[in-house]
Amino acid sequence: MQKSFTGFFKFCTLIVAFCLGNLALKAQTSQYDSGYVEVSPETFLLRFYFSKKYSDFLINAPNSSDKLIYRPNSGNNLGIGFTYQKFTLNIAGPVGFLNPGRQRDFPAYLDLQAHIYPRKMIVDLFGQFYNGFVLSADQLAGSDEDYLRQDVKMRKIGLNFNYLPNGDKLSIQAAFNQSQIQKRSAFSPFYGFEIYGGKVFGDSLLVPDSEELAFANFQQVNYFQFGPNAGLAGTLVFGNGFFLSGVASANVSLGHSRWQNGISTQTWKVFPTYFLRGFFGYNSRRFSINANYVWKNLPLAEASLFDQSINTGNYRINLIYKFAVGKNFERKFQKINPMRLISKD
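This section reports on the structure supplied with the text. (Residues numbered from 1 in each chain as written. Predicted model: local features only at pLDDT ≥ 70, side-chain atom pairs only at ≥ 80, totals over all residues. Heavy atoms only, no water.)

All chains considered together, the criterion is met by one cavity of 30 Å³ or more. Empty space within the largest cavity amounts to approximately 90 Å³. V39, S40, P41, T43, L45, T83, Y84, Q85, K86, Q173, S179 and Q180 are the residues that line the largest cavity. For the lining of the largest cavity, the secondary structure elements donating two or more residues are β2 (43-60) and β4 (77-84). (1 Å grid on protein atoms, 1.4 Å probe; cavity = no way out; pocket = protein on both sides within 12 Å on 5 of 7 lines; lining within 4 Å. Points joined across faces, edges and corners; volume = space filled by probe spheres on them. Helix = DSSP H or I, 4+ residues; strand = E, 2+ residues; numbered from the N terminus.)

As a further point, take the nonpolar core. F57, I172, V200, F218 and I310 are the most contacted members of the largest nonpolar core, which has 46 residues in total. Per-element accounting of this core gives the leading share, five residues, to strand β7 (residues 121-135). Discounting residues that sit within four places of it in the chain, I172 has contacts with Y117, L164, A233, V247 and F279. With seven residues, the next largest nonpolar core counts M121, L159, F161 and F226 among its residues. (Core = buried A, V, L, I, M, F, W, Y, C linked by side-chain atoms within 4.5 Å. Buried < 20%, exposed > 50% of the residue type's maximum accessible area, 1.4 Å probe, protein only. Contact = heavy atoms within 4.5 Å.)

On to a negative patch on the surface, then. On the surface, a cluster of negative charge is contributed by D138, D144, E145 and D146. Structurally, D146 can be placed in the loop between β7 and β8 (147-163). (Patch = residues over 30% accessible without salt bridge, like charges linked within 9 Å, V, L, I, M, F, W, Y side chains within 5 Å. Areas by Shrake-Rupley, 256 points an atom, 1.4 Å probe, with all protein chains shown as cover. Salt bridge = Lys/Arg side-chain N within 4 Å of Asp/Glu carboxyl O. Lys, Arg positive; Asp, Glu negative; His and termini not counted. Charge placed at Lys NZ, Arg CZ, Asp CG, Glu CD.)

For the rest of this paragraph, the subject is the pattern of salt bridges. By the definition in use, this model includes six salt bridges. Taking the shortest distance from any N to any O, the salt bridge between E38 and R285 comes out at 3.0 Å. Here E38, found in strand β1 (residues 37-39), pairs with R285, found in the loop between β13 (264-283) and β14 (287-299); they are 247 residues apart in sequence, far enough to count as distant. The exposure class of E38 is buried, given its relative accessible area of 18%. Between R277 and D124 there is a salt bridge, with its nearest N and O atoms 2.6 Å apart. Of this pair, R277 sits in strand β13 while D124 sits in strand β7, and the two are 153 residues apart along the sequence.

Among the surface-exposed residues, L46, F48, I80, F287, I289, L319 and Y321 lie close enough to one another that they form a single nonpolar patch of about 670 Å² accessible area. When contributions to the nonpolar patch are tallied by element, the ones reaching two or more residues are β2, β14 and β15 (308-324). Its location among the elements puts I80 in strand β4. Judged by its relative accessible area of 53%, I80 falls in the exposed class.

On to the layout of surface pockets, then. Taken as a whole, the second largest pocket spans an internal volume of roughly 360 Å³. At the level of secondary structure, the elements contributing two or more residues to the lining of the second largest pocket comprise β2 and β3 (67-72). The element contributing the most residues to the lining of the second largest pocket is β2, with three residues. The class makeup of the residues in the lining of the second largest pocket is five nonpolar, eight polar and five charged. (Nonpolar A, V, L, I, M, F, W, Y, C, P; charged D, E, K, R; others polar.)

Glancing now at the environment of Y84. Note that Y84 resides in strand β4. If sequence neighbours within four positions are ignored, Y84 has contacts with P41, E42, T43, F44, V325, F329, E330, F333 and N337. Within the structure, Y84 has its side chain in polar contact with the side chain of E42 (distance 3.3 Å). (Polar contact = N/O pair within 3.5 Å; in protein donor to acceptor, adjacent residues only side chain to side chain.)

Our next topic: the pairing of strand β11 (residues 220-238). When strand β10 (residues 186-201) meets β11, the two strands line up antiparallel, connected through 16 bridges. When the sheet's bridge partners are listed, E194 is paired in β11 with G227. Where β11 folds back on strand β12 (residues 242-260), the antiparallel hairpin that results is connected by three residues, among which G239 adopts a positive phi of roughly 60°. (Pairing = 2+ DSSP bridges.)

In structure tokens form, the structure reads like this:
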């Protein structure tokens, strides 16, 4: 079974890679419609922001509406960054006064999320390596203290790729990092693929004994799933610079999951998932203030009493100042700009 699963994973990866290549070629043959989108790659954007990234692991109690939500020990972050010549760099980290309840002795974690919106494309990449989770006391029937599990780990690798047919009139990038300006309202359907894989595991059974769910308890779950998706994206521009953007998609996944709790239980299943993004703020040639939220719902293939999902979020509040730089700086940055190696523009 393991060999066939590995072969299936490779086959799906090849299919997705082939489709990505063809869609990327289509996307590079068009330019933005200047009546809808203003592009100023030589404007320097200096960014100060507040953000939080996370992936919750949700365990549904069998035959009940009760849920146990393992939350990672991630924090509220303050960060700075910039965008220039189509290159963006952000650096952020948790600060003490924004995280009074964060566990100080938990192991370190790494959450890599890249949300990239070039012309006519929507690309989301996930590489999440969380170490240490918490069940809050208000979820537990048999305890008034938080249930701390430094040993519980989550690994998630994922790719979401979509082609935006009307992307010459609609800039998701203008809503996400404000490096462009959406001048008029525009909407577009989109379609593509997504693929995810990973596991959640601990040194012992994940559900505490106090919850009396021994019949549905487990120590590890491995998963892999992929499938096509489609959705609608749009930006409403109003009030001389204000905007409201939304991107929503639904996916039909073919998924495989395997649980271990002394014995191994596994299943293949077809089921829906969805991906939501929302953006709101003010964007002008001099400054921008905005809030955005990205949320991915990823249920795992359900089998018998095992029913879990991984919900990933990333929300951010940005304060951005835009200004012109000198020709000398422009020439020097162009020589080291990584985007120069992958862009024909």
